[in-house]
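For reference, the chains in residue letters:
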Amino acid sequence: MEKTRSRMSFGAWLKERWRRFLVSLKRRPQMIPLVVFVAAFVFYSLNLMHISDTTARIQGPGMGLAGFATMLFSMLSFMCFLNAFPYRKKPNVPMIALMFVMLAIIIFADVYYINGILTAVNRPDNPIVVTEATIFIMYAEWYLRIHIGILCAGIALTLLLPVYSKLLRKIKTSIDVGDNGEMDAIDISGED
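Residues numbered from 1 in each chain as written. Predicted model: local features only at pLDDT ≥ 70, side-chain atom pairs only at ≥ 80, totals over all residues. Heavy atoms only, no water.

1. A short note on helix α8 (residues 161-169)
Along α8, the residues classified as buried are Leu 161, Tyr 164, Ser 165 and Leu 168. Considered in projection along α8, the buried side chains sweep an arc of 110° and stay on one side of the axis. Turned more than 90 degrees from where α8 packs its buried face, Lys 166 and Leu 167 sit exposed. Here the buried face of α8 lies against α2 (10-27), α3 (31-46) and α7 (136-159). (Buried < 20%, exposed > 50% of the residue type's maximum accessible area, 1.4 Å probe, protein only. Helix = DSSP H or I, 4+ residues; strand = E, 2+ residues; numbered from the N terminus. Arc of directions from axis to C-beta. Contact = heavy atoms within 4.5 Å.)

Written out as structure tokens, the structure is:
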């Protein structure tokens, strides 16, 4: 294997890697929405500091619970997604439905949290003023809106899975094995 890699040009190696990637996508097209859901979870987790600081500063009713629900149902929706699309079997419809319910809860929790921020900033008595010291409140609202957008993209990709899986199957990924013209007929009868 090492000798063929060293002899193979970089372009041929890259082309072969791309072909293998397309073959794996053709076999498991559900990996596309899964990657989007993982990206949404990682994005939310990496920006959790701003969300936690906002919860501590505003202390609105249910804001901490909304952040907890987002984390919990994000992890549980992964488990539902993995069980919804078993390898080489038909999709598990109850798990898909449960996953969509959990994703709806996550989006509801994010919207509830954003409304808590807007209520605290725009209330008539003692509003929270966003200054340079509390800029994390604005960041938290912005990151939650992006998180909702990524989740909606994942939901759309999951719903469109039958459409683009058929399109992926039409991509030609087979390798052309050329002969030198000497393979006319192979005699397998065993008679000499």
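From this point, things continue past the structure.
2. Concerning the packing of aromatic side chains
In total, this model carries six aromatic pairs according to the counting rule given. Judged by centre distance (5.0 Å) and plane angle (55°), the rings of Phe 81 and Phe 85 are tilted. Each of the two residues, Phe 81 as well as Phe 85, counts as buried. Each member of the aromatic cluster is reached from another via a ring pair, and the members are Phe 37, Phe 81 and Phe 85. (Phe/Tyr/Trp six-rings, centres within 6.5 Å; stacked < 30°, edge-to-face > 60°.)

3. With respect to unusual backbone geometry
Phi angles above zero are rare outside glycine, and Gln 59 is one such case at about 55°. Structurally, Gln 59 is set in the loop between α4 (48-58) and α5 (63-84). For Gln 59, a relative accessible area of 63% corresponds to the exposed category. One non-glycine residue, Asn 126, lies in the positive phi region at around 55°. Looking at where Asn 126 falls in the secondary structure, it is placed in the loop between α6 (93-122) and α7.

4. Points about the pattern of salt bridges
For the coordinates displayed, the defined rule picks out two salt bridges. As a salt-bridge pair, Arg 20 and Glu 16 come within 3.0 Å of each other at their nearest N and O atoms. Placement of the pair is Arg 20 and Glu 16 together in helix α2, with a separation of four residues, close to one helical turn. Glu 141 serves as the salt-bridge partner of Arg 145, at 2.8 Å between the closest nitrogen and oxygen. One end of the pair is Arg 145 and the other is Glu 141, both in helix α7 and four residues apart, which spans about a single turn. With a relative accessible area of 41%, Arg 145 lands in the partly exposed category. A residue is classified by how much of its surface remains accessible, and Glu 141, at 16% relative accessible area, is buried. (Salt bridge = Lys/Arg side-chain N within 4 Å of Asp/Glu carboxyl O.)

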